[in-house]
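Structural overview for review
So the chains spell out like this:
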Amino acid sequence: MVVNCTEIAVRELFPEALKSYQQRVNNICTCQRCLDDIVALALNYLPPHYVGSERGSIITSVDYQRLGGRTEVFARICQAIKVVYENPRHHIE
Ligand SMILES: [Zn+2]
């Protein structure tokens, strides 16, 4: 199978990044649409890194290094959360 390490990394760090952002801003919309937008945006900020893999969706520290490091991935997710939070694609009550 072919997997995009970037996507695995983003999905792995996403809950943590969202939690840390929610400590600063408490009214982030977490509907599926916004969550999908955030993940998609974060993926656009980062380079894709495809590997042919037997190990499925397990990501290693080496994979993170290829993406600029765990901190970089984390920062891009936070950036994506901020963009979606400030410009949600739907009306928020
Ligand atoms: Zn929403």
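None of these values were measured; they are calculated from a predicted model. (Residues numbered from 1 in each chain as written. Predicted model: local features only at pLDDT ≥ 70, side-chain atom pairs only at ≥ 80, totals over all residues. Heavy atoms only, no water.)

As for the coordination of the zinc ion
Protein ligation of the zinc ion involves Cys 29 (SG), Cys 31 (SG), Cys 34 (SG) and His 90 (NE2), the donor distances falling in the range 2.1 to 2.3 Å. For the zinc ion, the 4 donor atoms in the first shell make angles of 92 to 119° at the metal, so the coordination geometry reads as tetrahedral. Binding-site remark: the zinc ion is held by donors from one chain whose sequence spacing is C-x1-C-x2-C-x55-H. On the accessibility criterion, Cys 31 (28% relative accessible area) is partly exposed. (Donors = N, O, S within 2.8 Å, 3.2 Å for Na, K, Ca; no water. Tetrahedral: all angles 85-135°; square planar, octahedral: opposite > 155°, others 65-115°. Buried < 20%, exposed > 50% of the residue type's maximum accessible area, 1.4 Å probe, protein only.)

Overview of the environment of Val 73
Looking at where Val 73 falls in the secondary structure, it is placed in helix α4 (residues 70-86). Separated by 66 residues in the primary sequence, Val 73 and Glu 7 place their C-alpha atoms 10 Å from one another. Beyond its immediate sequence surroundings of up to four residues, Val 73 is in contact with Ala 9, Val 10, Leu 13, Leu 46, Tyr 64 and Leu 67. (Helix = DSSP H or I, 4+ residues; strand = E, 2+ residues; numbered from the N terminus. Contact = heavy atoms within 4.5 Å.)

Some words on the packing of aromatic side chains
Tallying each qualifying case throughout the model produces 0 aromatic pairs. Here Arg 70 stacks its cationic end above the ring of Tyr 64, 5.9 Å away from the centre of that ring. (Phe/Tyr/Trp six-rings, centres within 6.5 Å; stacked < 30°, edge-to-face > 60°. Lys NZ or Arg CZ within 6 Å of the ring centre and 35° of its normal.)

Digging into the pattern of salt bridges
Counted by the stated rule, this structure contains 6 salt bridges. Asp 37 serves as the salt-bridge partner of Arg 89, at 2.7 Å between the closest nitrogen and oxygen. Of this pair, Arg 89 sits in the segment after α4 while Asp 37 is found in helix α2 (residues 32-45), placing the two residues 52 residues apart along the sequence. Judged by relative accessible area, which is 54%, Arg 89 ranks as exposed. One salt bridge in this structure joins Arg 66 and Asp 63, with 3.5 Å as the shortest N-O distance. With Arg 66 and Asp 63 both in helix α3 (residues 61-66) and 3 residues apart, this pair spans about one turn of that helix. Relative accessible area serves as the criterion here: at 49%, Arg 66 is assigned to the partly exposed category. (Salt bridge = Lys/Arg side-chain N within 4 Å of Asp/Glu carboxyl O.)

Just geometry here; none of it tells us what the structure is for.
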